[in-house]
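Residue-level structure breakdown
Residues per chain are reported as follows:
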Amino acid sequence: MRGPDSVISEDLMAAARIITEYRAAHNLPLTKANMGLRSMVRTEQCTNPEISQCLKRMTSIIVKLSREPNMAPAKMQDIAGCRAVLATIDELRRVQKRLTKNRPPLAVNDYVTSPRASGYRGVHVMVDYDGRCIEVQLRTAVMHDWAVTVERVGGRTMNDLKAGIGPEPVLSFFSAVSEAMALEEAGEVVDTTHIRRIGQLREDAAPFLREGSP
Amino acid sequence: MIKQFLIVFDHEEGKIIQLVEYKESDKEHALRAYSEKEQEYEDRDRVEVVLIGSDSLRTVEQTHGNYFNAPIGKSEYLVGL
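Notes on the structure in this doc start here. Note that the structure is predicted; figures quoted are calculated from it, not measured. (Residues numbered from 1 in each chain as written. Chains lettered and ligands numbered in written order. Predicted model: local features only at pLDDT ≥ 70, side-chain atom pairs only at ≥ 80, totals over all residues. Heavy atoms only, no water.)

**Examining the packing of aromatic side chains**
Each aromatic ring pair is described using two quantities: the centre-to-centre distance and the angle formed by the ring planes. Residue and element names in this part refer to chain A. Tallying each qualifying case throughout the model produces 4 aromatic pairs over all chains. Ring centres of Trp146 and Phe174 lie 6.3 Å apart, and the angle between their planes is 85°; this geometry places the pair in the edge-to-face category. Of the two residues, Trp146 sits in helix 5 (residues 141-157) while Phe174 sits in helix 6 (residues 168-185), which places them 28 residues apart along the sequence. The buried category is assigned to Phe174, whose relative accessible area is 3%. Ring centres of Phe173 and Phe174 lie 5.1 Å apart, and the angle between their planes is 55°; on these two criteria the pair is classed as tilted. According to the relative accessible area criterion, Phe173 is buried, its value standing at 0%. A network of ring pairs unites the aromatic residues Trp146, Phe173 and Phe174 as a single cluster. It is Arg116 that lies over the ring of Tyr111; its NZ or CZ is 4.4 Å from the centre. (Phe/Tyr/Trp six-rings, centres within 6.5 Å; stacked < 30°, edge-to-face > 60°. Helix = DSSP H or I, 4+ residues; strand = E, 2+ residues; numbered from the N terminus. Buried < 20%, exposed > 50% of the residue type's maximum accessible area, 1.4 Å probe, protein only. Lys NZ or Arg CZ within 6 Å of the ring centre and 35° of its normal.)

**Here's the deal with the nonpolar core**
Nonpolar side chains tend to gather and get buried jointly when the protein is soluble and globular. All names here are of chain A. In terms of nonpolar packing, the biggest core is built from 35 residues, with Leu37 and Leu138 touching the most fellow members. At 5 residues, the largest contribution of residues to this core is made by helix 2 (residues 27-43). For Leu138, the contacting residues outside a window of four places in its chain are Leu37, Ala84, Leu92, Val95, Gln96, Gly122 and Val123. Counting residues in hydrophobic clusters, the runner-up holds 23 residues, among them Tyr120, Phe174, Ala176 and Met181. (Core = buried A, V, L, I, M, F, W, Y, C linked by side-chain atoms within 4.5 Å. Contact = heavy atoms within 4.5 Å.)

**Comments concerning the interface of chain B and chain A**
Every contact between the two is made by 42 residues of chain B and, on the other side, 45 residues of chain A. Contact between chain B and chain A buries roughly 3,500 Å² in total, counting both sides, with carbon and sulfur atoms accounting for 52%. Ranking the residues of chain B by area buried against chain A places Thr63, Tyr77 and Leu81 of chain B at the top, with a combined share of 22%. There are 4 salt bridges connecting chain B and chain A. In this structure, Glu38 of chain B and Arg23 of chain A form a salt bridge, with 2.8 Å as the shortest nitrogen-oxygen distance. At the boundary of chain B and chain A, one finds 27 residue pairs in polar contact (both at pLDDT 80 or more). For the side of chain B that touches chain A, the secondary-structure elements that each account for two or more residues are helix 1 (27-40), strand 3 (47-54) and helix 2 (57-63) of chain B. The leading source of residues in the side of chain B that touches chain A is strand 3 of chain B, at 7 residues. Within the side of chain B that touches chain A, the residues separate by chemical class into 16 nonpolar, 15 polar and 11 charged. Sheet topology note: the strand 1 (residues 50-55) of chain A/strand 3 of chain B ladder contains 3 bridges and is antiparallel. Across the sheet, residue Cys54 of chain A finds its bridge partner in strand 3 of chain B, namely Ile52 of chain B. (Buried area = accessible area lost by both parts, 1.4 Å probe. Salt bridge = Lys/Arg side-chain N within 4 Å of Asp/Glu carboxyl O. Polar contact = N/O pair within 3.5 Å; in protein donor to acceptor, adjacent residues only side chain to side chain. Nonpolar A, V, L, I, M, F, W, Y, C, P; charged D, E, K, R; others polar. Pairing = 2+ DSSP bridges.)

**Section: empty space enclosed by the protein**
Residue and element names in this part refer to chain A. Per the stated rule, a full pass over the model turns up 1 cavity of 30 Å³ or more. Of the voids in this model, the largest cavity is the one considered here, and its volume is about 30 Å³. Sort the elements by how many residues they give to the lining of the largest cavity and helix 5 lands first, with 3 residues. Of the residues in the lining of the largest cavity, the class split is 5 nonpolar, 2 polar and 1 charged. (1 Å grid on protein atoms, 1.4 Å probe; cavity = no way out; pocket = protein on both sides within 12 Å on 5 of 7 lines; lining within 4 Å. Points joined across faces, edges and corners; volume = space filled by probe spheres on them.)

What follows is the structure, given as structure tokens:
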């Protein structure tokens with residue numbers, strides 16, 4: 001860890017150690033959440049569910065702490081996360097219901113009812129396992145398709161698109177696409193005006209979608 | 001059984017440059033390796049180190065497809081991105 005004048009800062013190293021240990025303490029509860037979720041999707045007879053867990057990267061923790069000066073690691077809800085990709089919104093809601101019945105949640109962010117400005121859709125349920133907050137992300141395959149694409153494009157172009165940071169044409173394009181995908185997932189038809197708008201937005205976004213674009 | 005997959009992804013090359021699989025019984029080792037690998041690459045802002053736990057690499061390829069070469073963007077609106 002480097003501080004001013006490239007001198008390794010003892011304070012920064014101590015802080016990094018504390019965060020590393022704090023993160024590590026979530027590992028076993030996270031695995032329990034993963035196994036719990038697997039059991040729930042079996043009970044709900046979900047079609048081909050895919051579930052993984054992840055401990056937040058140190059760089060992401062530090063970025064979040066620096067963006068929100070009043071945030072302490074203990075208040076972060078997404079240090080440990082479990083993601084389930086499900087076939088349909090009906091499966092998502094059934095799993096959500098079972099999860100919140102089994103473990104009254106610390107918080108629920110329903111981005112299916114109210115998508116994020118970026119267009120991100122999913123339901124995040126914060127649950128307590130062994131005193132640790134675990135974020136359970138529930139998505140359908142359609143929502144996941146969008147999110148993974150945004151993630152990959154964001155990484156390639158060095159923009160944190162998921163957090164709504166990036167060139168406006170790119171953000172507008174992905175937001176419009178999410179709206180269309182949500183309509184189709186609900187069984188509705190996307191009208192030609194919307195489709196044409198997506199086409200135009202994609203053209204506008206094209207210069208920014210290449211690797212290393214500004 | 002939850003295995004751990006330590007992935008080092010180079011955004012400049014657009015591919016995984018290291019992938020290590022740990023058995024469930026090795027999860028403490030995996031955690032230590034995660035921190036060590038993060039420190040190893042801390043000055044490389046185009047390199048992402050991540051530790052993902054799942055039953056198989058095939059599942060990780062689905063849940064975290066952004067790190068793999070499998071085509072993503074299955075929707076007609078996302079094809080080619």
